[in-house]
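Chain residues, written in single-letter form:
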Amino acid sequence: INQILPTTPAGGGWADDEGGVDEGGKARVIRTWIRSVLGKIIHYEAEHQHLLDEVATSLQLVLPQDIVMKNVLPFLDLPSYTFEVVDEEE
């Protein structure tokens, strides 16, 4: 974002011919960057969950299941934040 934003036109903030506001390039660039970051977070969160499932399965083979479920998995889970990426028609 630091490489693209300085050279992107800001836009005027005035109404265009169709009654909408010209938000300019900076707003679009920032929105696109935020979408890409949220997409990466969602991807890494899914990858983490997949690895967590694999580790839990391996641990359950060597430890009693109640120890794994009560004492190990709660420390490995990510916080329950929800990130949604909404595709916007431009």
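Rules used throughout
Residues numbered from 1 in each chain as written. Predicted model: local features only at pLDDT ≥ 70, side-chain atom pairs only at ≥ 80, totals over all residues. Heavy atoms only, no water. Helix = DSSP H or I, 4+ residues; strand = E, 2+ residues; numbered from the N terminus. Buried < 20%, exposed > 50% of the residue type's maximum accessible area, 1.4 Å probe, protein only. Contact = heavy atoms within 4.5 Å. Areas by Shrake-Rupley, 256 points an atom, 1.4 Å probe, with all protein chains shown as cover. Patch = residues over 30% accessible without salt bridge, like charges linked within 9 Å, V, L, I, M, F, W, Y side chains within 5 Å. Salt bridge = Lys/Arg side-chain N within 4 Å of Asp/Glu carboxyl O. Axes fitted to C-alpha atoms, helices over the stretch in contact; angles between N-to-C directions. Parallel < 35°, antiparallel > 145°, perpendicular 65-115°, else oblique. Left-handed = near helix turned anticlockwise from the far one by under 90°.

Caption draft 1: A look at the overall build of the chain. A count of helical and extended segments in the chain gives 2 helices and 0 strands. Sorting the 90 residues of the chain into buried and exposed places 10% on the buried side. Look at the contacts in the chain between residues 6 or more apart in sequence, and 50% of them connect residues 24 or more apart. Total accessible area on the chain is roughly 7,300 Å²; 58% of this is exposed by carbon and sulfur atoms.

Caption draft 2: Region of interest: a nonpolar patch on the surface. Judged by side-chain polarity, Ile1, Ile30, Trp33 and Ile34 come together as a nonpolar surface patch covering roughly 320 Å² of accessible area. On the secondary structure map, Trp33 appears in helix α1 (residues 24-62). Relative accessible area serves as the criterion here: at 40%, Trp33 is assigned to the partly exposed category.

Caption draft 3: Region of interest: the environment of Val55. By secondary structure assignment, the location of Val55 is in helix α1. Between the C-alpha atom of Val55 and that of Leu73, which follows or precedes it by 18 residues, the distance is 9.3 Å.

Caption draft 4: Focus on the packing of α1 against helix α2 (residues 65-76). Following both chains from N to C, one finds α1 and α2 inclined at 155 degrees, their axes separated by 10 Å at the closest point. Classed by the angle they form, the pair α1 and α2 counts as roughly antiparallel. Regarding α1 and α2, the two cross each other, and that crossing is right-handed. Packed against α1, whose contacting residues are His48, Leu52, Ala56, Leu59 and Gln60, the element α2 presents Gln65, Val68, Met69, Val72, Leu73 and Leu76 at the interface.

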